[in-house]
Amino acid sequence: MSISHAPPGSPTTDISAISKDEQAAPALEPIVPTSTRRTRVPRWLRRTSGPVLLLLLWQLLSSTGVLTSDVLASPGRIAQVARDLVADGSLPNAMGVSLQRVAVGLLFGAVIGTGLALVSGLFRAGEDLVDASVQMLRTVPFVGLIPLFIIWFGIGEAPKIAIITLGVSFPLYLNVYAGIRGVDSQLIEAGESLGLSRWGLVRHVVLPGALPGAMTGLRYSLGIAWLALVFAEQINADAGIGFLMVQARDFLRTDVIVVCLIVYAFLGLLADFVVRSLERLLLQWRPTFTGR
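Predicted, not measured: the structure shown is a model, and the values here were computed from it.

Draft legend 1. Broad picture of the environment of Val86. Within the secondary structure, Val86 sits in helix α3 (residues 75-87). Residues contacting Val86, with those up to four places away along its chain left out, are Leu91 and Pro92.

Below, the structure is given as C-alpha cells:
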C-alpha cells in the first residue's frame, strides 16, 4: 500500500519503494586520511635508529681493527674517558666556562643584531645608514678577524666573547630584518584604518609578524655561536672545552677530542631544543604544516 501526500496533479512518491532502496544500499564507511593513521613503529624509535646503527658500526669497525685507536678511539673507550673526565671534575668545569662564554656572546650579539635590524627594518633612513655596512661586514669571515681581536683586546676573555658576538649578530640581523620587511602591507593598511598609531603598528602588527623570522635567526645564531666558540677557545685559553681539545691534540688523545666534540654537539642540540620549545610557545597563533 502506498501513501501519497503530494498535491493533486503532482507525481506521487512510493514510501515502500524508498524503504526498499534504502535497505538495499550499501553501508557507508568513513574515509580515514592516510596522514591520521598511526604507524606501528614509534617515532622516537625511528629517530634514534640511525644514530644507534652508526654507533654499532663504529664499534664493529673498532673491534675488528679497521679503525685503530690512534686514528679513532672505540665508543667503549670514549665512554670510559668521559666518565673519568666527569669524575675528576675537569669536564663539568670546562662546560661551565664554555657555557658562560656562549651566553655572554649570545646576549651581546642578540642585542646588537636585533637592534640594528629594528633600525634598518623600521626606518628607511636607518636602512640607508646601516644595511650596506652590515652587508659588507657579514661577508668578512669572522675567524679571519681573530688576529685583529687579539691586538685590540689582548688574549683574555674579551677576544673570545667578541668572536662569538660577531658570529651571532649577522644571522639575527638578516632574519629579523627580513621578517620586518616581509610583513604584509595590507595588514599595515588595516591597522592604520583601525586608528593604530605608529608605535601601535609596530607593537601589534610588525613585531608579531617578524617573530617567526627572529626565532629562525636565533636558531642559526646558536649554531654559529658554538662554531665560533671552537675557534675562540684556541686563543690562549686556560679553561673550557676548547682548552681540553688543545691539550688532547698535543698528547694525541683522540678519545678526549671525540668526547669534547660530543659535548659540543650535545650542548648545541640542547640549545636548539630550548629555542624550538620557545618557538612553539610564542607562535601558537600561527598554525604550520608539521609533516605527514
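Draft legend 2. How the structure looks around the packing of helix α9 (residues 198-232) against helix α11 (residues 254-282). The interhelical angle for the contact between α9 and α11, taken along N-to-C directions, is 170°, at an axis separation of 10 Å. Considering the angle they form, α9 stands roughly antiparallel to α11. In this structure, α9 uses Leu211, Met215, Leu218, Arg219, Leu222, Trp226, Leu229 and Val230 to contact α11, whose residues at the interface are Tyr264, Leu267, Gly268, Ala271, Asp272, Val275, Arg276, Leu278, Glu279 and Leu282. Looking at the contact of α9 with α11 residue by residue, the class counts come to 13 nonpolar, 1 polar and 4 charged.

Draft legend 3. A look at the packing of helix α7 (residues 157-181) against α9. Close contact between α7 and α9 brings their axes to 7 Å; oriented N to C, the two are set at 155°. Taken together, α7 and α9 sit at an angle that is classed as roughly antiparallel. Along this stretch, α7 crosses α9, giving a crossing that reads as right-handed. Tallied by class, residues from the contact of α7 with α9 come to 17 nonpolar, 8 polar and 1 charged.

Draft legend 4. Region of the structure containing the packing of aromatic side chains. Considering all chains together, one arrives at 4 aromatic pairs under this definition. Consider the rings of Phe149 and Trp152, whose centres lie 6.0 Å apart with planes at 55°: the pair is tilted. Of this pair, Phe149 and Trp152 both sit in helix α6 (residues 146-153), 3 residues apart, which is roughly one turn of that helix. Judged by its relative accessible area of 8%, Phe149 falls in the buried class. Look at Trp152 and you get exposed, because its relative accessible area is 55%. Seen from their ring centres, Trp152 and Phe153 are 6.4 Å apart, and the 90° between their planes marks the pair as edge-to-face. Residue Phe153 is classed as partly exposed on the basis of its relative accessible area of 42%. Taken together through their ring pairs, the aromatic side chains of Phe149, Trp152 and Phe153 make up a single cluster.

Draft legend 5. The arrangement of α7 in detail. Its 25 residues place the ends of α7 36 Å apart at the C-alpha level, agreeing with the 36 Å of an ideal helix rising 1.5 Å per residue. For α7, a buried count of 18 out of 25 residues is recorded, marking the element as mostly surrounded by other parts of the structure.

Draft legend 6. The confidence of the model for the chain, seen in detail. Per-residue confidence for the chain gives a mean pLDDT of 78, with 84% of residues at or over 70. For the chain, per-element mean pLDDT is lowest for helix α1 (residues 15-24), which scores 51, and highest for helix α4 (residues 90-122), which scores 88.

Draft legend 7. Examining the environment of Leu166 more closely. By secondary structure assignment, the location of Leu166 is in helix α7. The sequence separation of Leu166 and Val143 amounts to 23 residues, and the corresponding C-alpha distance is 9.7 Å. Apart from the residues lying within four places of it in its own chain, the contact partners of Leu166 are Phe142, Leu145 and Phe149.

Draft legend 8. Region of interest: the pattern of salt bridges. Tallying each qualifying case throughout the model produces 6 salt bridges. Of the charged contacts, one joins Glu127 and Arg181 as a salt bridge, the two residues approaching to 3.0 Å between their closest N and O atoms. With Glu127 in helix α5 (residues 124-138) and Arg181 in helix α7, this residue pair connects regions lying 54 residues apart in the sequence. Using a relative accessible area of 23% as the deciding quantity, one classes Glu127 as partly exposed. A relative accessible area of 38% places Arg181 in the partly exposed class.

Draft legend 9. Structural view of the side chain of Thr254. Structurally, Thr254 is set in helix α11. The buried category is assigned to Thr254, whose relative accessible area is 17%. Setting aside chain neighbours within four positions, we find Thr254 in contact with Ser69, Asp70, Val71, Leu72 and Ala73.

Draft legend 10. View of a nonpolar patch on the surface. Together, Leu107, Phe108, Val111, Ile112 and Leu116 make up an exposed nonpolar region whose accessible area comes to about 450 Å². You can see Phe108 is positioned in helix α4. Residue classification places Phe108 among the partly exposed positions, given a relative accessible area of 43%.

Conventions and cut-offs
- Here, residues in each chain are numbered from 1, in the same order as that chain's written sequence.
- Reporting in this predicted model follows two pLDDT cut-offs: at least 70 for local features of residues, and 80 or more for side-chain atom pairs to be given and counted; totals over whole chains, interfaces and linings ignore these cut-offs and use all residues.
- Hydrogens are left out, water is left out, and the side-chain values use all remaining heavy atoms of the structure.
- Segments assigned H or I by DSSP are reported as helices when at least four residues long, segments assigned E as strands when at least two residues long, and all are numbered from the N terminus.
- We call two residues in contact when some of their heavy atoms are within 4.5 Å.
- Each axis is a line fitted through C-alpha atoms, taken for helices only over the stretch in contact, and angles between the N-to-C directions span 0 to 180 degrees.
- Note that the term roughly parallel is reserved for angles under 35 degrees, roughly antiparallel for angles over 145, roughly perpendicular for angles of 65 to 115, and oblique for everything else.
- Residue classes follow a fixed rule: Ala, Val, Leu, Ile, Met, Phe, Trp, Tyr, Cys and Pro count as nonpolar, while Asp, Glu, Lys and Arg count as charged, and any other residue, Gly among them, counts as polar.
- When the near helix sits turned anticlockwise from the far one by under a right angle, the crossing is termed left-handed; a clockwise turn instead gives a right-handed crossing.
- Two aromatic rings from Phe, Tyr or Trp, using only the six-membered ring of Trp, form a pair when their centres are within 6.5 Å; if the ring planes differ by under 30 degrees the pair is stacked, by over 60 it is edge-to-face, and anything between is tilted.
- Exposure categories follow from relative accessible area, calculated using a 1.4 Å probe and restricted to protein chains: below 20% of the type maximum is buried, above 50% is exposed, and the middle band is partly exposed.
- To estimate the expected span of a helix, subtract one from its residue number and multiply by 1.5 Å.
- The quantity known as pLDDT measures the predictor's confidence residue by residue, on a range of 0 to 100.
- A carboxyl oxygen of Asp or Glu within 4 Å of a side-chain nitrogen of Lys or Arg is what we treat as a salt bridge.
- The residues that make up patches have over 30% relative accessible area and no salt bridge, and they are joined within 9 Å when like-charged or within 5 Å when they are Val, Leu, Ile, Met, Phe, Trp or Tyr.
- All accessible areas in this document rest on Shrake-Rupley with a 1.4 Å probe, and a residue is counted as covered only by the protein chains that are shown.

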